[in-house]
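Residue-level structural notes
Given next are the chains, with one letter for each unit.
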Amino acid sequence: MRTHYCGDLSAANLDQIVTLAGWAHRRRDHGGVIFIDLRDREGLAQVVCDPDRAEAFATADRARNEFVLRVKGKVRRRPEGTTNPALRSGEIEVLAHEVEILNPSLTPPFQLDDDNLSESVRLQYRVLDLRREQMQKNLRLRYKVTMAVRKALDALGFIDIETPMLTRSTPEGARDYLVPSRVHPGEFFALPQSPQIFKQLLMVAGFDRYYQIVRCFRDEDLRADRQPEFTQIDIETSFLSEDEIRAMMEKMIRAMFKETLDIDLPDPFPRMTWAEAMGRYGSDKPDLRVPLELTDLTDLMKSVEFKVFRGAAEMPGGRVAALRVPGAELSRKEIDDYTQFVSIYGAKGLAYIKVNDKSKLPEGLQSPIVKFLPAETLAQVLERTRAENGDVIFFGADKAKIVNDALGALRVRVGHEKGYAGKGWRPLWVVDFPMFEYDDEGKRWSAMHHPFTAPKDGHEDLLASDPGNAISKGYDMVLNGSEIGGGSVRIHRADVQAKVFIALGISDEEASAKFGFLLENLQFGAPPHGGIAFGLDRIVAMMTGAESIRDVIAFPKTQRAQCLLTHAPSPVDEKQLRELGLRLRDKPKA
RNA sequence: GGAGUGGUAGUUCAGUUGGUUAGAAUGCUGCCCUGUCACGGCAGAGGUCGCGGGUUCGAGUCCCGUCCACUCCGCCA
């Protein structure tokens, strides 16, 4: 039906008779001559229709935007002065001999070259949205990324094994999407939140190196970087240490960036412990493009009168920290904005000091809190933060989580807003995650990573005696402030796994009911193993510069987890419900 | 569950202090135009101001509720 892609035509095709097929991107009717920009997946080519060929001209006259056309014609050089350097095929044009309308189109609801469209219009007409050049590029980059991953992993001896989509519900973690079983009335499958347990079982089964580019499901609220179904690059290996696993994964990520964007990432990636990341950046996924850092002042503030600081410093699990912003010209309004900004993270205020003249204490400092702090303490603050004249120092004093969240987020915001952020790609391993974090609401310990993460060698006894200080063999790969992958060395011994379940308050009965198949199989010679899962959507979104992963997913859902194209989810027939043995508690509103 | 931004023509938006017939650009339709490429010119059609209620002589504008889209907090082992 066709001989060439529109976007591939060039001067190399001069004088050839070609047949193109594609969509009428734009039509310019000059009365005596009609230009049609014909578009296919490779790009545009200008088709010229002369009245000399009456039939082709008449057809071109009827054509409208997004009509599907087949054009046969001769490639010729454009007249001097009419070339279009913005177009790959801009030196040539196709003189139409025949034009056929393969299919007309309704008038599209928006212009395809409009890049200022609302999200709901785009999602409602997703098919047309996907025709736009940007979306075509995004999805093709996504394909290239997965190809690079498969190539790299294949070269390292990994094999792709599929795991069930219909599996069983797990107690901890996100809400499951449930699928009722017709054959077992009252029982449900769950869609996997990740193939975690299956990939561990595959290690026990001796496959040694597994990977899968796999859909995962979590029934939680959405964000710009969270969809109810998303794609993970899921990897597991046997007989490798933490360091060996990370080295291998770095290699894959470097290959991915090199092959798709021709970017050289550092070798090796820098590495930082979780504790250091929290201390210096207030975050377990620091954006290293921003050079600003937090300074800890907790010990210093234990002895001051100022109740806000002292109270936080003396509170168990409290923290006082400073964020120095060098040479910051901050207006009162900006500081007010920042104060409001940190309040979303639970901070009750945002104390600050403007350093006007550090040689004169305290009058060289401009701040509502200077009067509460002794000159000696102020001098210490200036020294520790290495403050210079013209700097602004922000303070956080509260529970460590609030201080870290607030100052950590402020650091990133100020860093980018005020132009401190460097360019480029800054990967980082964050390692030595704690085993557990305390859940204030549930009054219990919960797994920081997941309950199959191994404790550091020598930390097994802490699981029971001091769970808060038990360190794990868990690690995250962070890129420019986003967590792009997370993994760990797993527990391969049933007795250690049982201890973790106890620490998490999961009883023997519950553990064997929910994870019996894992615990049992760990006893059949489970090898030491570990792995990682990367968020494909996030990685590709970052690579394309997209603000949301919706822009790298062909058919994403809205924030209320609906598909505006298909209108899923939808009610089902009473008959279907009856077959499944289900009755709705509340009849949906008609 | 909570905080915020937005919803007006097919699309993207403007709409003053509550005041006559709700505008612009673009798209669409028709006519004209032989070198444009965001073609140009002329004319025309196109509106449940998200929805419901209230205040008012009068509501796109004020109030209450509600729905939808987006961002964030919680949540996401």
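Heads up: the structure comes first, above all this text.
Let me begin by describing the structure that accompanies this report. (Residues numbered from 1 in each chain as written. Chains lettered and ligands numbered in written order. Predicted model: local features only at pLDDT ≥ 70, side-chain atom pairs only at ≥ 80, totals over all residues. Heavy atoms only, no water.)

Turning our eyes to something else, we now look at helix α11 (residues 400-417). For the α-helix, the turn length of 3.6 residues means that residues three or four positions removed from each other point alike. Over its 18 residues, α11 extends 25 Å from the first C-alpha to the last, a length consistent with the 26 Å expected when each residue adds 1.5 Å. Within α11, burial applies to I402, V403, N404, A406, L407, G408, A409, L410, R411, V414 and G415. At its buried positions, α11 is contacted by α7 (274-281), β12 (294-296), β13 (318-325), α9 (332-343) and β16 (392-399). The first or second residue beyond α11 is G419, which carries a positive phi of 80°. (Helix = DSSP H or I, 4+ residues; strand = E, 2+ residues; numbered from the N terminus. Expected span 1.5 Å × (residues − 1). Buried < 20%, exposed > 50% of the residue type's maximum accessible area, 1.4 Å probe, protein only. Contact = heavy atoms within 4.5 Å.)

This model, assessed by the stated rule, comprises 10 aromatic pairs. Where F306 meets F372, the ring centres are 4.8 Å apart and the plane angle is 5°; that geometry is what we call stacked. On the criterion of sequence distance, the pair formed by F306 in the loop between β12 and α8 (307-314) and F372 in the loop between β15 (365-366) and α10 (375-385) is long-range, its members being 66 residues apart. Here F306 falls in the buried class, since its relative accessible area comes to 12%. Judged by relative accessible area, which is 39%, F372 ranks as partly exposed. The interplanar angle of 90° and the centroid separation of 6.0 Å between the aromatic rings of Y338 and F394 together place this pair among those described as edge-to-face. Residue Y338 is found in helix α9, and its partner F394 is found in strand β16; the two are separated by 56 residues along the sequence. In this structure an aromatic cluster arises from ring pairing among F306, F309, F372 and F395. (Phe/Tyr/Trp six-rings, centres within 6.5 Å; stacked < 30°, edge-to-face > 60°.)

Every one of the 51 residues lining RNA strand B counts as a neighbour, but D29, T82, Q111, H449 and R560 are closest to it. What you see for RNA strand B is that sugar and phosphate hold 53% of its atoms within 4 Å of the protein. Separating a phosphate oxygen of RNA strand B from a side-chain N or O atom of R64 is a distance of 3.2 Å. In the environment of RNA strand B, a base oxygen lies 2.7 Å from a nitrogen or oxygen atom belonging to the side chain of R76. Elements with a minimum of two residues in the surface near RNA strand B: β1 (17-29), β2 (34-40) and α2 (119-124). Partitioning the surface near RNA strand B into residue classes produces 13 nonpolar, 21 polar and 17 charged. (Near = heavy atom within 4 Å. Polar contact = N/O pair within 3.5 Å; in protein donor to acceptor, adjacent residues only side chain to side chain. Nonpolar A, V, L, I, M, F, W, Y, C, P; charged D, E, K, R; others polar.)

Look at helix α5 (residues 196-204) against helix α14 (residues 508-522): their axes get within 10 Å of each other, and the N-to-C directions meet at 20°. The orientation of α5 with respect to α14, classified from their angle, is roughly parallel. Considering the relative orientation of α5 and α14, their crossing is left-handed. Of the residues in α14, those in contact with I197, Q200, L201 and V204 of α5 are F515, F517, L518 and N521. When grouped by side-chain class, the residues that make up the contact of α5 with α14 number six nonpolar, two polar and no charged. (Axes fitted to C-alpha atoms, helices over the stretch in contact; angles between N-to-C directions. Parallel < 35°, antiparallel > 145°, perpendicular 65-115°, else oblique. Left-handed = near helix turned anticlockwise from the far one by under 90°.)

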